[in-house]
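Remarks on the overall topology
Listed below are the residues making up each chain.
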Amino acid sequence: MSAAALSVETEPRETRRASIFRRFVRTPSGLVSLAIVVAIVFVAVLAPWLAPYDPNFVDLANTKAPPSAAHLLGGDTSGRDILSRLIWGARTTLVGALVTIVTALAVGVPAGVASGYFGGRLDRGSSWVSDALQAVPGMIILLVVASGTRSNFGLIMATVGILLAPGYFRIARSTALTIRNEPFIDAAWVSGLTHPRIIVRHVLPGVYAPIIIQTALAAGIAMGIQAGLQFLGIGVANVPSWGAMMAEGFRYMLASPLLLLWPSLVLGVTIAALAVMGSTLADLVRVRTVAPRRTVAQANAATASAAALEYSSAVRIDNLKVSYGAETGDIEVVHGVSLEVAPGEVLGIVGESGSGKSQTVFSILDLLPAGGACTFDGLWIGGKPIHGMTRRERARLLGTQIGYIPQEPMSNLDPSYTIGHQLVEPLRSVHRKSRTEARSIARAMLARVGIADVDRVMRAYPHQISGGMAQRVLIAGAIAGRPSLLIADEPTTALDVTVQAEVLELLRELQSELGMALVLVTHNFGVVADICDRVVVMRNGAIVEVNDVRSVFSAPQQGYTRELISASLDNSETRRELDAIHAAASREA
Ligand SMILES: Nc1ncnc2c1ncn2[C@@H]1O[C@H](COP(=O)(O)OP(=O)(O)OP(=O)(O)O)[C@@H](O)[C@H]1O
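Since the structure is predicted, the reported quantities are computational estimates derived from the model, not experimental observations. (Residues numbered from 1 in each chain as written. Predicted model: local features only at pLDDT ≥ 70, side-chain atom pairs only at ≥ 80, totals over all residues. Heavy atoms only, no water.)

Our focus in this paragraph is the overall build of the chain. Counting its secondary structure elements, the chain contains 22 helices and 11 strands. Burial status across the chain gives 49% buried among its 589 residues. In the chain, of all internal contacts separated by at least 6 residues, the share reaching a separation of at least 24 is 73%. Total accessible area on the chain stands at roughly 26300 Å², and carbon and sulfur atoms take up 60% of it. (Helix = DSSP H or I, 4+ residues; strand = E, 2+ residues; numbered from the N terminus. Buried < 20%, exposed > 50% of the residue type's maximum accessible area, 1.4 Å probe, protein only. Contact = heavy atoms within 4.5 Å. Areas by Shrake-Rupley, 256 points an atom, 1.4 Å probe, with all protein chains shown as cover.)

This is the structure in C-alpha cells:
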C-alpha cells in the first residue's frame, strides 16, 4: 500500500457542487432559464421601486389605451397601468408559489425520507395517505377551501402544497429506500451513529438533488394552478395578479388582444423557464440508483430462558436459530448454533458458501437482512447479558464495544463524503470528541493501519483510493472506538491476493496490540491457520466441529473439515504463499 495508489486529485464536496453549477450555466438552456427566473425574482422583490405607477391607480384616460411612452404596455379596462400591475403581479405569483413549495416540502420530504428509511408499517401507512391524496379531486378541494376561508390566498396556496406533497413524498421515499439499502448505511449504524444522524448525514444529501429538480417543476405547476384560481375570480380583488389580469384580458380578447397577451406571456415564459431549469438540472445531476442490498431486520425477541448470568467471555451465544419467512412457511437457515469467544481470542468461523457463517455474526450484531428473524437462549457480549435489551440499547454497543469489518470495503463507504469526514463523524457523535480531537484520533488511526499519506487520504473520496486502502480505512474506523470484540466478515475476499496478506497481517497485529477478541468469518483454511486460535466449522447452518487450530489441522474430526482443508490449501494461497508473492512483487518494484 503506498501513497501512489492515491493518484487521483482530491475534489472537495463544495468543488463538486460548484462544478454542477458551472456546467448548468454553461448550457444555453440552463443559462437562459436561470436568467429569466432571477429576473422575475428581482422584479418581484423590487416591485415598489420598479413599478412606474401605483398598480391600483385609475386613470380613465388610459382605459384600454395602447402602449405609449407614458404607459409602456398600455392601460387595462379600468385605466390602470398594465406594466405596473404585471410587476406587482410577479410578487403575488412568487409569494403564492413559495407558500405552496414550502408546504409541499415540509409535508412530503420528511414523510418520504422516514417512510423509505424505516419501512414497515410507517411506510405502508404513509404510502396509503400519499396515494389517497393523489386520488382526491384537487380542484374541488381548492374550491371548498376557497369558499370556507373567504378566499384566503395563503391557505389556498398551502392546500395546493399539500396536494403537491405526494410528488415530493414519492421522490424522497424511493431515494431514501435506495440509500437505506447501501452497505455504507449499515456500516454507519455499526459504527454507532443514531438513525437521525444517519438520515441527516447520509440520506438527506442523496435526496436534495432530485428534490431541487422537483421544486423547479412544482413551482411552475403552483404558478399555473394559482393563475387558474385567480382566473376563476378566487383571490383579493385589489391585489394585482397575473391570473386575474388574464381573466380580464380573456373577456376583451377580440377587442383588445394585448390585455390577454401580456399576462399570458409573462406567466408562460416563467413556467417554461422553471420547467427547462428543472429538466436541465436533472440531466446534469446524476442521482444514485443502486440495487437494493440488505436492510436491518427486526430480530425476534430472544426466547431467553437463561438467567442473567455474567460470563468472562468476549461473546457467547447459546442455541441461535435464524429463519426467513417464505410463502411455504418459515425456513430455518441456522439451527441451534452455540459458540463462545474468550477475551483476546481469535475465533475463525469457517465453512462453504451458504453454511450460515454470516447469518451467525449478523445475529450477534443485530444486523439480519429484511425478513430474517433470530431466536437464542442467551447472548452475552463483553460478559454482559444482551437478551432482554432493546434494539436501541444493543445499537449502543456498536462502534463502542463491538467493531465490525465488512466484506466489501468500497460499498461500505459513503461515496459523497471524504474519508476524513467518515472517520471523524462517529468519533464526534458516538464518542463525544471535539472536532480537533476526533481529527487527530482519525489521523493517528490511519497512520496505525499503515496509510502513508494520511493528509491526502483524509481529504480523499472513496473512489479515489484503492480497495486495500478502503479496507484499511474501515479497519481504522472499526478500532477507533477501542472495541473489546472485533467481528470481521471475510475481510479480505474482495481484495487482491497481495493486499489480502497485508490486511491479515494488520488485523493480527492490531488484535494482539489492543487485546481484542476477534471473530473472523472466512471460507479459507489458509487464513485460519495463519491467524486463528480456535476454529468453528459450519455446514448447512450447524456447527460440525470446534477445535483449536493445531488439532483441526493435525487431526480433523470430520470428513467435511478434511475436505475443506484440502480444498482451501489446493485452491488458494496460504498467507505464507501470499507473503512470498508480495515479497517477490516488492523486489521487482
Ligand atoms: N436474505 C435472505 N433470505 C433468505 N435466505 C437467506 C438470506 N440470506 C441468507 N440466506 C440463507 O441463509 C443461509 C446461510 O447464509 P449465509 O450468508 O450465512 O452463508 P455464508 O456461510 O456466510 O456464505 P458466504 O460465504 O457465501 O457468505 C443460506 O442458505 C442462504 O441462502
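Alright, that's what it looks like, and here's the rest.
In this section: the pairing of strand β7 (residues 402-405). Burial along β7 is two-sided: the face carrying Ile402 and Tyr404 and the face carrying Gly403 and Ile405 are both buried. Both β7 and strand β8 (residues 485-489) contribute to a ladder of four bridges, which runs parallel. Bridging from a neighbouring strand, Ile405 pairs with Ala488 of β8. (Pairing = 2+ DSSP bridges.)

Tallied over the full model, the rule gives two aromatic pairs. Ring centres of Phe525 and Phe553 lie 5.5 Å apart, and the angle between their planes is 90 degrees; this geometry places the pair in the edge-to-face category. With a gap of 28 residues between them, Phe525 in helix α19 (residues 525-531) and Phe553 in helix α20 (residues 549-554) connect regions that are remote in the sequence. What makes Phe553 partly exposed here is its relative accessible area of 27%. Residue placement shows Arg180 over the ring face of Tyr117; its charged tip is 4.9 Å from the ring centre. (Phe/Tyr/Trp six-rings, centres within 6.5 Å; stacked < 30°, edge-to-face > 60°. Lys NZ or Arg CZ within 6 Å of the ring centre and 35° of its normal.)

Near the ligand the following residues occur: Tyr324, Val333, Glu352, Ser353, Gly354, Ser355, Gly356, Lys357, Ser358, Gln359, Pro369 and Glu490. Ser358 places a polar side-chain atom, nitrogen or oxygen, 2.7 Å from an oxygen atom of the ligand. Protein burial of the ligand: of its 630 Å² of free accessible surface, 61% is covered by the chains. It is helix α12 (residues 357-365) that provides the largest number of residues to the shell around the ligand, a total of three residues. Taken together, the residues of the shell around the ligand break down into three nonpolar, six polar and three charged. (Near = heavy atom within 4 Å. Polar contact = N/O pair within 3.5 Å; in protein donor to acceptor, adjacent residues only side chain to side chain. Nonpolar A, V, L, I, M, F, W, Y, C, P; charged D, E, K, R; others polar.)

Quick look at the pattern of salt bridges now. According to the stated counting rule, one finds 15 salt bridges in the structure shown. Asp76 is the salt-bridge partner of Arg85, the closest N and O atoms lying 3.7 Å from each other. Across the pair, exposure class does not vary: Arg85 and Asp76 are buried alike. Because the salt bridges share partners, they merge into one network encompassing Asp76, Arg80, Arg85 and Glu248. (Salt bridge = Lys/Arg side-chain N within 4 Å of Asp/Glu carboxyl O.)

Once that is clear, we can look at helix α10 (residues 242-251). Among the 10 residues of α10, seven are classified as buried, and the element is accordingly described as predominantly covered. For α10, the full list of buried residues reads Trp242, Gly243, Met245, Met246, Ala247, Glu248 and Gly249. Those residues of α10 that are buried are in contact with α2 (28-45), α4 (82-118), α9 (195-231) and α11 (257-284).

Positive phi, normally seen in glycine, also occurs at Asn319, with a value near 55 degrees. Judged by its relative accessible area of 25%, Asn319 falls in the partly exposed class. A positive phi angle is found at Arg482, which is not glycine, with a value near 50 degrees. Its place among the elements puts Arg482 in the loop between α17 (467-480) and β8. Its relative accessible area of 53% is what places Arg482 among the exposed residues.

Taken in spatial order, the six strands line up as β7-β8-β9-β3-β10-β11 in an open sheet, and their pairing is mixed. In this open sheet, the two edge strands, each paired with only one partner strand, are β7 and β11 (542-548). Here the average twist between neighbouring strands, direction ignored, is 15 degrees. Alignment of β8 against strand β9 (residues 517-522), held across five bridges, turns out to be parallel. Within the sheet, the bridge partner assigned to Leu485 lies in β9 and is Ala517. Against the sheet, α12 makes contact with β3 (346-351), β7, β8, β9 and β10 (534-539), and its axis sits at roughly 145 degrees relative to β8, the strand it touches most. (Axes fitted to C-alpha atoms, helices over the stretch in contact; angles between N-to-C directions.)

This part covers the confidence of the model for the chain. Taken over all residues, the pLDDT of the chain has a mean of 81, while the share at 70 or more is 88%. When the criterion is pLDDT under 50, residues 1-13 qualifies, and its contacts beyond four places in sequence or with other chains add up to 35 contacts. Interface predicted TM-score (ipTM) for the complex: 0.95; the corresponding pTM is 0.59. (pLDDT = per-residue confidence, 0-100.)

Here we come to the UniProt feature "transmembrane region" (unreviewed entry) in the chain. Mapped onto this numbering, the UniProt entry gives "transmembrane region" (unreviewed entry) at residues 31-51, 94-116, 128-147, 153-171, 207-232 and 252-276. Taken end to end, residues 207-232 comprises 96% helix and 0% strand; its first and last C-alpha atoms sit 36 Å apart. Each end of residues 252-276 is marked by a C-alpha atom, and these two atoms are 31 Å apart; helix forms 80% of the span and strand 0%. (UniProt positions renumbered as here; feature names shortened; annotations may be inferred.)

In terms of burial, β8 is a largely internal element, five of the five residues being buried. Of the two faces of β8, the one lined by Leu485, Ile487 and Asp489 and the one lined by Leu486 and Ala488 are each fully buried.

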